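# Fold and geometry: a report
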Amino acid sequence: MTTPHSLQFNSDHQLQHLLSIEGLDQRLLTEIMDNAESFASLANQPVKKYPILRGKTVVNLFFENSTRTRTTFELAAKRLSADVINMNIATSATSKGESLLDTIRNLEAMHVDMFVIRHALSGAAHFIAQHVAPGISVINAGDGNHAHPTQALLDMFTIRRHKNDFSSLRIAIIGDILHSRVARSQIQALSILGAKEIRVIAPKTLLPIEVNALGVSVSHTLEEGLQDIDVVIMLRLQKERMSGALLPSESEYFNCFGLTQEKLAIAKPDAIVMHPGPINRGVEISSEVADGPQSVILQQVSYGIAIRMAIMSLIMQTPGRHHT
Ligand code: CP
């Protein structure tokens, strides 16, 4: 049986698909971040283009809403000179009953090279990667509550740009860990990169039962959990994945787990504040913090382009790629 992480590499041990952080090693994560450095500097150039993917076709297939991921994947592919198709799922034939695999088969017949997939079902990107023709790559842009590997990589890149050495860092991930594909991928990436401590801060109802197996420490209050923290990562309440009431109310949640300037002062004075977005002001974070001097939230969005350029160029230049 293929697992998401075994399927990611071809027979030459080169990255063919990016489905999960699980199964990647420190050398590869570092290589992707190093390559992203050169693409990040491109943002200041008058012509923001490289010919690396000239002649290649990338299809963005987003079955779930997105602002940041879809747009930055499109920009990244265009800045690498690829042709980009953004499938509008609402107006595509999937609304007439076509199966996901039939949609993929039809797009393959148009000689595309890469699918970027977001789907509400965990495992959707893995499923597609199992069925695409040899030579076609799949990048997971978020599947259910399973994984969001490119988000985790851009988050690691943001942390590295501000803090440099992971081995001395204590990182707190705060909020709805239970439903968060971002948190799962971040915890895996931080573990691989050797972070000193990964701490999750959440009410018990928003933690997975198997939280202790994740290799994290756990706190249930910001007052305790923010002590000595270098990096604060906030998560939104993912109501679209909640079944039943897990919290008394949003205002009660904000009182206990919302990041205000007063609560942030408990962390180290030079702590940075991150959030994958979309942010919900007054629910998990105050505007004062989101727009404040310690916030790097919009830098994360900018670095998302550089990281996605690095990932797409690495995958598409994999030796032995060929079309059938
Ligand atoms: N961080 C993130 O995945 O945002 P979008 O849902 O806007 O893509």
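None of these values were measured; they are calculated from a predicted model.

About the cut-offs
- Residues numbered from 1 in each chain as written.
- Predicted model: local features only at pLDDT ≥ 70, side-chain atom pairs only at ≥ 80, totals over all residues.
- Heavy atoms only, no water.
- Near = heavy atom within 4 Å.
- Polar contact = N/O pair within 3.5 Å; in protein donor to acceptor, adjacent residues only side chain to side chain.
- Areas by Shrake-Rupley, 256 points an atom, 1.4 Å probe, with all protein chains shown as cover.
- Nonpolar A, V, L, I, M, F, W, Y, C, P; charged D, E, K, R; others polar.
- Helix = DSSP H or I, 4+ residues; strand = E, 2+ residues; numbered from the N terminus.
- Buried < 20%, exposed > 50% of the residue type's maximum accessible area, 1.4 Å probe, protein only.
- Contact = heavy atoms within 4.5 Å.
- Axes fitted to C-alpha atoms, helices over the stretch in contact; angles between N-to-C directions.
- Parallel < 35°, antiparallel > 145°, perpendicular 65-115°, else oblique.
- Left-handed = near helix turned anticlockwise from the far one by under 90°.
- Phe/Tyr/Trp six-rings, centres within 6.5 Å; stacked < 30°, edge-to-face > 60°.
- Pairing = 2+ DSSP bridges.
- Right-handed = clockwise from strand over helix to strand, strands pointing away.
- Domains from an automatic or database assignment.
- Buried area = accessible area lost by both parts, 1.4 Å probe.
- Salt bridge = Lys/Arg side-chain N within 4 Å of Asp/Glu carboxyl O.

## A word on the site of the ligand
Around the ligand, the neighbouring residues are Ser66, Thr67, Arg68, Thr69, Arg118, His148, Gln151, Pro276 and Gly277. Interatomic distance of 3.0 Å between a side-chain N/O atom of Gln151 and a nitrogen atom of the ligand. Protein contact buries 91% of the 250 Å² of open area that the ligand shows by itself. Of the residues contributing to the shell around the ligand, the split by class is one nonpolar, six polar and two charged.

## Some remarks on the side chain of Arg199
Secondary-structure assignment places Arg199 in strand β6 (residues 197–201). Of the residues examined, Arg199 reaches a relative accessible area of 11% and is grouped as buried. For Arg199, the side chain forms a polar contact with the main-chain oxygen of Gln227, separated by 2.8 Å. Not counting the four nearest positions on each side in its chain, Arg199 is found in contact with Arg170, Ile171, Ala172, Ile173, Ser217, Glu224, Gly225, Leu226, Gln227 and Ile229.

## Section: the packing of helix α6 (residues 149–163) against helix α7 (residues 181–192)
The contact between α6 and α7 brings their axes to 8 Å, and the two run at 50°. If you check the angle between α6 and α7, you find them oblique. In the crossing of α6 with α7, the sense of the turn from one axis to the other is right-handed. For the pair formed by α6 and α7, the contact residues are Pro149, Gln151, Ala152, Asp155, Met156 and Ile159 on the first element and Val182, Ser185, Gln186, Ala189 and Leu190 on the second.

## Structural notes on the packing of aromatic side chains
Inspection of every chain in the model, using the stated rule, returns three aromatic pairs. Measuring from ring centre to ring centre gives 5.3 Å for Phe39 and Tyr50, while their planes differ by 85°; the resulting arrangement is edge-to-face. You can see Phe39 sitting in helix α2 (residues 26–42) and its partner Tyr50 sitting in the loop between α2 and β1 (57–62), a full 11 residues away along the chain. By relative accessible area, which is 8% here, Phe39 ends up buried.

## Observations regarding the pairing of strand β2 (residues 83–87)
Pairing between β1 and β2: five bridges, direction parallel. Opposite Leu61, over in β2, you have Met87 as the bridge partner. This β-α-β element, β1 to helix α3 (residues 68–79) to β2, shows right-handed connectivity.

## Here's the deal with the side chain of Asp113
Residue position: Asp113 is located in the loop between α4 (100–108) and β3 (114–119). Reaching out from Asp113, the side chain makes a polar contact with the backbone nitrogen of Thr57 at a distance of 2.8 Å.

## What to know about the domain arrangement of the protein chain
Here the protein chain is described as being made up of domain 1 (4–146 + 303–316) and domain 2 (149–301). Listed as interface residues are 35 residues of domain 1 and, on the opposing side, 30 residues of domain 2. The junction of domain 1 with domain 2 conceals about 2700 Å² of combined surface from both sides, 61% of it contributed by carbon and sulfur atoms. Of all residues in domain 1, Ile21, Met33 and Tyr303 bury the most surface against domain 2, accounting for 30% of the area lost on that side. The interface formed by domain 1 and domain 2 holds four salt bridges in total. Where Glu37 meets Arg160, a salt bridge forms, and the shortest distance between an N and an O atom there is 3.7 Å. Our enumeration of links across domain 1 and domain 2 arrives at 14 residue pairs in polar contact (both at pLDDT 80 or more). Taken together, the elements giving at least two residues each to the side of domain 1 that touches domain 2 come down to α2, α3, β3, β4 (137–143) and α12 (297–316). For the side of domain 1 that touches domain 2, the element with the most residues is α2, which contributes nine residues. Split into classes, the residues belonging to the side of domain 1 that touches domain 2 amount to 15 nonpolar, 11 polar and nine charged.

## Here we look at the environment of Gly292
Position of Gly292 among the secondary structure elements: in the loop between α11 (287–290) and α12. Separated by 31 residues in sequence, Gly292 and Gln261 place their C-alpha atoms 8.7 Å apart.

## Here we look at the pairing of strand β8 (residues 231–234)
Side chains Val231 and Ile233 project from β8 onto one buried face, and the interleaved Val232 and Met234 project onto a second face that is buried too. With four bridges joining them, strand β5 (residues 170–174) and β8 adopt parallel strand pairing. If you follow Ala172 over to β8, its bridge partner there is Val232. As paired elements, β8 and strand β9 (residues 272–274) share three bridges and run parallel to each other. In the sheet register, Val232 faces β9, and the bridge partner there is Val273.

## Some remarks on the sheet that holds β2
With parallel pairing, four strands are arranged side by side in an open sheet as β2-β1-β3-β4. Edge positions in the sheet fall to β2 and β4, since each has one partner strand and no second. Mean inter-strand twist for the sheet, computed between neighbouring axes without regard to direction, equals 15°. Across the sheet, α3 lies against β1, β2, β3 and β4, angled at about 180° from β1, the strand it touches most.

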